Amino acid sequence: MSGDVRRMVADTARRIFQGQCTPELLAAADNHQFPTKLWSLLESNAFTKIDEEGLNTGDALVLLEIAGYYAVPGPLASSLAASKMMVDMGVPIPSGVVTCAIQPGGAIELTHEGERAVVSGTWVNVPWGRASDTVLAVFQTLGGWFAAVLNSRNVSWEKGQNLGGEPRDTLQASHVSPSFVQEISEQQSSTLRALLALSRVALTVGALERMLNMTVEYAQQRAQFGRSIGKFQAVQHQIAEMAAETAAVQALFNRAVYGVDQGEDMMRYASLAKIRIAEAIRVVTAGAHQVHGAIGFTQEYSLHYFSRRAWAYRHEYGNETWWSKILFAEIGNRDLWDFLTQPTRAE
Amino acid sequence: MSGDVRRMVADTARRIFQGQCTPELLAAADNHQFPTKLWSLLESNAFTKIDEEGLNTGDALVLLEIAGYYAVPGPLASSLAASKMMVDMGVPIPSGVVTCAIQPGGAIELTHEGERAVVSGTWVNVPWGRASDTVLAVFQTLGGWFAAVLNSRNVSWEKGQNLGGEPRDTLQASHVSPSFVQEISEQQSSTLRALLALSRVALTVGALERMLNMTVEYAQQRAQFGRSIGKFQAVQHQIAEMAAETAAVQALFNRAVYGVDQGEDMMRYASLAKIRIAEAIRVVTAGAHQVHGAIGFTQEYSLHYFSRRAWAYRHEYGNETWWSKILFAEIGNRDLWDFLTQPTRAE
Amino acid sequence: MPKFTLETVRLPETTEELRAEVRRFLQMEEENGGFIPACDAWLGGFSPSFSEELGKRGWIGMTWPKRYGGHERSEMERYVVIEELLAAGAPVAAHWVADRQMGPLLLRYGSEEQKERFLPLMAQGKSYWAIGMSEPNAGSDLAAVQAKLTPDGEGWRLSGQKIWSSGAHQCHYMMTLCRNGPSGSDRHAGLSNVIVDLHDPHVEVRPIYLLDGGHHFNEVFFHDVYIPPSMVIGEAGDGWRQVTEELAYERSGPERFLTTFPLLRVLVQKAASLQDDFARRDVAVLVAELASLRELSLSVAGILNSGGNPVTEAALVKDAGTRFERKVTEIAERLADLPPVQEGADPFLILLAQAMLHGPGFTIRGGTNEILRGIVARGLGLR
Amino acid sequence: MPKFTLETVRLPETTEELRAEVRRFLQMEEENGGFIPACDAWLGGFSPSFSEELGKRGWIGMTWPKRYGGHERSEMERYVVIEELLAAGAPVAAHWVADRQMGPLLLRYGSEEQKERFLPLMAQGKSYWAIGMSEPNAGSDLAAVQAKLTPDGEGWRLSGQKIWSSGAHQCHYMMTLCRNGPSGSDRHAGLSNVIVDLHDPHVEVRPIYLLDGGHHFNEVFFHDVYIPPSMVIGEAGDGWRQVTEELAYERSGPERFLTTFPLLRVLVQKAASLQDDFARRDVAVLVAELASLRELSLSVAGILNSGGNPVTEAALVKDAGTRFERKVTEIAERLADLPPVQEGADPFLILLAQAMLHGPGFTIRGGTNEILRGIVARGLGLR
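Here goes a summary of the coordinates provided. Computed from a predicted structure; not experimentally measured.

Time to look at the overall build of chain A. Counting its secondary structure elements, chain A contains 11 helices and 10 strands. Rg of the C-alpha trace for chain A: 21 Å, near the compact-globule value of 20 Å for 347 residues, within the 12% margin. Across its three principal directions, the C-alpha atoms of chain A cover 80 × 50 × 40 Å. Per-residue burial over chain A gives 64% buried out of 347 residues. Residue pairs in contact within chain A that sit at least 24 positions apart in sequence constitute 74% of those at least 6 positions apart. Working note: accessible area of chain A is about 12,200 Å², and carbon and sulfur atoms make up 48% of it. Separation of charge centres in chain A, based on 29 positive and 35 negative side chains, amounts to 7 Å.

Structural data, given as structure tokens:
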């Protein structure tokens, strides 16, 4: 997709989110109400899937950054990632809400009863599982990696939520027959994990940008000791540091999108960005809350939609400690400078 | 020694150091000139050794804190630690300059030629080895731990220095006959190491106090943009943080001295203090240099006598990473709160 | 020489028996399901039954005179009891303000009548108090309070609003800082502390929900509440002095660095099991910092005990202590191999979630860290 | 939306050949003992022979017009060359100021005569320049400079003093910020930049030794130095504008985060060999931060390349970059299992010692981080 088209996608998305993500909608979603109307708007703009006619992966990441800026509720990232995998697998993308489950380590069983494949096992932290129609479930068995398309009604859901108040449900499949199942390469499973991780980075970058803007505005308006708090040097320096952290992750994220567009190895960018953003989350959320004082700490004021999500996203699909192992594997025996300046292409 | 006597020791030490540690003396010592006159003053006050008539271990630590405040040159800490071990071993403390060598890992050989014990091996980072008359050398062989008293003239010295510009020489003994050698317990070797580590903490606490004071004074005097830089909130907050770090390590060091006085396990306090002080060193040296600006970075201005020593001391006798392993061993299976509130006594 | 004189405080041998007694009690309570250890339980753990149990054991108002229901024990004995309670993550929120601030304030400034009326119930763990200082336009800048006291016969009428009043919906009384006269050139003149009965029909309490959904904070509105003379603390106009002197108590206590201790305790076990030198290093740094903070805080308690008013040292402890609490959270986040959750099977992940969600409050409540560093800078002669 | 627009800059394919060429050259030089990689070599590595070698290869003044000895290559090509030089820890101090600041300044503001006279030798790596901005009473506050320019016939006389002039004892010329008239109400008026010939007998250069004994800095005294009109840059009185515009060049370059790269390179190898997940974590955080800083710096170079003046963004890069350089040192200290030393057998310990001893300078030179954060705050609309 060309830069112009991408800008159009971004403008449309911003318009939709600005109109839809009202305080009421965010509060309702915080009580786990699925944002039905918003979702159909996204669907009708072909914003919920990555396919050859619509968004490509880079577009999807840019869309998610904007979604993060507005704290858009719903399993948008999961839907996008799942659709990408389905296209790669040659499976038609079903209508309705699609989410994505990727195994964190537990045992999944894949057996065959006659011609029928049967799956049993547990997947944790599935975004908005309870509200989904279809799940793309990825898992490893002794036989290799597999991806299965499951009807959400054929599995059971145990409700849970992340620190951002977003549904993260546990999927229990007991002898379920997938509508489709296929062996995938280890590379494919890594790429899916990298995309899910980058999608969390995208959402977080948007959230950090929003918190920075909110904090600057608040500091300009709020007065103490007879002047706006933004005039105090300590507040200025704290916000300057927030700005530096935000700019740094923005720059790295932009480079990741560019790298994805160029077909470069996605694990590289997922690990760099997931690792880098942990510190940015710490600095920006702490700074935003510190400058806001008590008000920022309340349910009524909207700062927490961004800070709580950012805290949660640091840990979803691997925190920076987990990704550090991947980064060292990526560097391997290469000289660090060579690694930094010469990205390898995806295999 | 009673509190009153300890206060007298401190007052005397302060008076001597204030008079002796002139910029000229410090500059000369930085060029590795041994401070002969200062050393005899210390000797005549019985400040260079721990023994039953003079200083006890707690006194020695308090003395070293004051020495750190004045950047006193010479192997005072080594001399004190060595004398303590000699007293424990029942060896008379020799006259002249005594230093202490403790093996960091290399191989030392102890053999016997008839009745004569013979030592060969290498000890690195021996404080002021080149200027010493006697070395207490501690080492481990397959047969256990040993302490040997060596005549400094019978060994060869390779010159080296730490980041503070203090002589840290490599001792090479080749077939040297100690004037005294004795097997010691592992416990004794640990206690010596703990004392050497605590002595570095003591010196550093003094250096941090000095840097804090220098920085406050400088901030009050130096003007930029038409007012003293101490009036800028960013400078105030940086210095406040330096003060908090300094106060924290002071408090912990004071507790360590008290614990030593009470006969509590010294490894406990050495590990806690060595670990805690690493961060204080980082914050206080960075803050002091930042507030001082370029001037603090020059040889002429005395700040570096304190900052460079503090940087060096973080790493002498094990940095905080090394001591973290010891701390976890000290905690063992105990509940953390129990460990913190109930110090064990030395065995 | 050093800017602050912080002497090592020796806890007398007798406190160790007391410590053991408290520890046995807490262990039993925890085993019997009396409480689940939680981070920030001194704000969030409001349990009247637990407070009454502590009152029965003589662990509230410990240092107060016996004639007011106290136990005339030393400050150091009290210190040991509260640090044990905090380290355990026990639910002490109900009586916390009464024990820490209001009791001492009344003892120092209250009338004989006030002491007799309020202190015994406080010491029994049955009288719960809130504090009304902040207002929408007076946060860090407390001298800007506008809640207004107007003379009415022998007493006064109070109108205005307070905000961030912790526990006001569950407490019996609120100490309220208000303005009884103009400030004039001294911004700190014309302020008074009065006791407001929170069950007075002219008092309205509205909840403020926190970002984790918890209800601890409130807005409190005064619709011309009648304040009899017996509910004014000390002299009208003395409010500022009373408030600032009490801050040393509020700021140097072990609750300023033990909020996340229940998490740290589990974190040490986790690091011990990991066999990773650098994970242990990160955690060991926390342990050593905690050891230093405890010594600092004990030193300040020692100064308080001997009648000093260590304003600067207390500010320093709170600044360093609250930053420490957040470092515990950060290191725990590094060691988390699954996302933290508010409910679930793994106590580590639950304690971590509590610490993360409550974290922003640590460095704001009781004076923001910016205010505290300003106080330290003043103590150093920079302001 | 976002406060700063930092586009990803694509390095053209052609730069990769250039990069490979530079890398081969550096590898050969290092193998032949031409240099030993060092931290902070762009301040400390003064090597005329190395600079001349670079000049021969066309790697100085790369973007300048050919008629002045330049090579008319793109800013991005220059960026690749200098980042390779910095990453290698190569001794580029001799020509650094000429290439980075003085050449661009003369191209923008210099007379035709000045350009013809000075630029070609600079591009050959044979003309070395110092900068005279700070004075004893004008550090962060540059508008307070007092070095004085007095009219004398067609030219001027310069008297006064500069301090912290890096390399003044080894350089040929110094660009000197001085006062040619009163400031009046605008503190930034009445300032000029003049070129001082450092071999003029009326110029006195006194060494200032650094805490590690190194001699890079100097005090420079002007005893009524004659400044002919040909040595004034632009118009007298234009000094402030010239200085502030050039700061974006000075502040956003890769030298602001690569000073400790030689240490980081070895640190990564050390962490890879350790098999400790949390040591790797600490080092991975550095690698990821470096990757983000490089993208930021490239973005700023892109803005400069297209004629913009990214003052705020440059300040932000320098603030974040210099703090990063110190984080590298801190993490390396954690991984050091022996004390760092200035001389010895282990390159890791030597590079660490260099980084520690030079560290305090990183966040002071070229505008302290306090000044830089103030600039960022202004860019955000807070000042």
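As a further point, take the packing of aromatic side chains. On inspection of all chains with the given rule, the structure shows 38 aromatic pairs over all chains. Here the aromatic rings of tryptophan 164 of chain C and phenylalanine 217 of chain C are separated by 6.0 Å at their centres, their planes lie at 70°, and the arrangement is edge-to-face. With a gap of 53 residues between them, tryptophan 164 of chain C in the loop between strand 3 (155–163) and strand 4 (173–179) and phenylalanine 217 of chain C in strand 7 (residues 215–227) connect regions that are remote in the sequence. Of the residues examined, phenylalanine 217 of chain C reaches a relative accessible area of 10% and is grouped as buried. Through pairs of rings, three or more aromatic residues link up here, namely Phe25, Phe35, Phe50 and Trp59 of chain C. Of note, arginine 268 of chain A hangs over the ring of phenylalanine 339 of chain A, and the distance from its end group to the ring centre comes to 4.5 Å. One cation-aromatic arrangement involves lysine 270 of chain D over phenylalanine 348 of chain D; the distance from NZ or CZ to the ring centre is 4.8 Å.

Residue and element names in this part refer to chain D. At a closest axis distance of 13 Å, the pairing of helix 1 (residues 13–31) and helix 3 (residues 48–56) adopts a crossing angle of 150°. The angle between the axes of helix 1 and helix 3 places the two elements in the roughly antiparallel class. Judged by the twist between their axes, the crossing of helix 1 over helix 3 is right-handed. Together, Phe25, Leu26 and Glu29 of helix 1 and Phe50, Glu53 and Leu54 of helix 3 make up the contact between the two elements. Broken down by class, the residue content of the contact of helix 1 with helix 3 amounts to four nonpolar, no polar and two charged.

We now examine the interface of chain D and chain C. Residue-level contacts link 10 residues of chain D with 10 residues of chain C. Ranking the residues of chain D by area buried against chain C places Phe278, Arg281 and Arg334 of chain D at the top, with a combined share of 65%. Scanning the region where chain D abuts chain C turns up zero salt bridges. Run the count over chain D and chain C and you get four residue pairs in polar contact (both at pLDDT 80 or more). Within the residue set of the side of chain D that touches chain C, elements represented by two or more residues are helix 9 (277–305) and helix 10 (311–335) of chain D. Considering every element that reaches the side of chain D that touches chain C, the biggest residue donor is helix 9 of chain D, with five residues. Grouping the amino acids of the side of chain D that touches chain C by side-chain chemistry returns four nonpolar, no polar and six charged.

Time to look at the relation of the copies chain D and chain C. With an RMSD of 0.0 Å, the operation that places chain D on chain C is a rotation of 180° combined with a shift of 0.0 Å along the axis. These values place the two chain copies in the arrangement generated by a two-fold rotation axis. Proximity to the rotation axis, assessed at the C-alpha, singles out phenylalanine 278 of chain D in chain D; its C-alpha lies 2.6 Å from the axis.

Between chain A and chain D, the contact holds 44 residues from the first and 48 residues from the second. Note on chain A versus chain D: buried area summed over both sides is about 4,300 Å², and carbon and sulfur give 66% of it. Looking at the side of chain A facing chain D, the largest losses of area belong to Phe328, Leu336 and Trp337 of chain A, adding up to 18% of the total buried there. Our count for the contact surface shared by chain A and chain D stands at six salt bridges. Among the ionic pairs, aspartate 277 of chain D bridges to lysine 325 of chain A, the shortest N-O distance being 3.7 Å. Summed over the shared surface of chain A and chain D, the result is 14 residue pairs in polar contact (both at pLDDT 80 or more). Elements supplying a minimum of two residues to the side of chain A that touches chain D: helix 6 (186–221), helix 7 (233–261), helix 8 (266–292), helix 10 (320–331) and helix 11 (336–341) of chain A.

A few words on helix 3 of chain D. Residue and element names in this part refer to chain D. Where helix 3 is concerned, the buried positions are Phe50, Ser51, Leu54 and Gly55. Buried residues along helix 3 cover an arc of 145° about the axis, so they all sit on one side. Seen from the buried face of helix 3, the exposed residues on the opposite side, beyond 90 degrees, are Ser49 and Lys56. Tucked into the core, helix 3 has its buried residues touching helix 1, helix 4 (75–87), helix 5 (93–109) and helix 6 (112–123). Following helix 3 by one or two positions, glycine 58 adopts a phi angle in the positive range, close to 80°.

Reading the values: the criteria
Residues numbered from 1 in each chain as written. Chains lettered and ligands numbered in written order. Predicted model: local features only at pLDDT ≥ 70, side-chain atom pairs only at ≥ 80, totals over all residues. Heavy atoms only, no water. Helix = DSSP H or I, 4+ residues; strand = E, 2+ residues; numbered from the N terminus. Rg over C-alpha atoms; globule rule 2.2 N^0.38 Å. Buried < 20%, exposed > 50% of the residue type's maximum accessible area, 1.4 Å probe, protein only. Contact = heavy atoms within 4.5 Å. Areas by Shrake-Rupley, 256 points an atom, 1.4 Å probe, with all protein chains shown as cover. Lys, Arg positive; Asp, Glu negative; His and termini not counted. Charge placed at Lys NZ, Arg CZ, Asp CG, Glu CD. Phe/Tyr/Trp six-rings, centres within 6.5 Å; stacked < 30°, edge-to-face > 60°. Lys NZ or Arg CZ within 6 Å of the ring centre and 35° of its normal. Axes fitted to C-alpha atoms, helices over the stretch in contact; angles between N-to-C directions. Parallel < 35°, antiparallel > 145°, perpendicular 65-115°, else oblique. Left-handed = near helix turned anticlockwise from the far one by under 90°. Nonpolar A, V, L, I, M, F, W, Y, C, P; charged D, E, K, R; others polar. Buried area = accessible area lost by both parts, 1.4 Å probe. Salt bridge = Lys/Arg side-chain N within 4 Å of Asp/Glu carboxyl O. Polar contact = N/O pair within 3.5 Å; in protein donor to acceptor, adjacent residues only side chain to side chain. Least-squares fit on C-alpha atoms with pLDDT ≥ 70 in both. Arc of directions from axis to C-beta.

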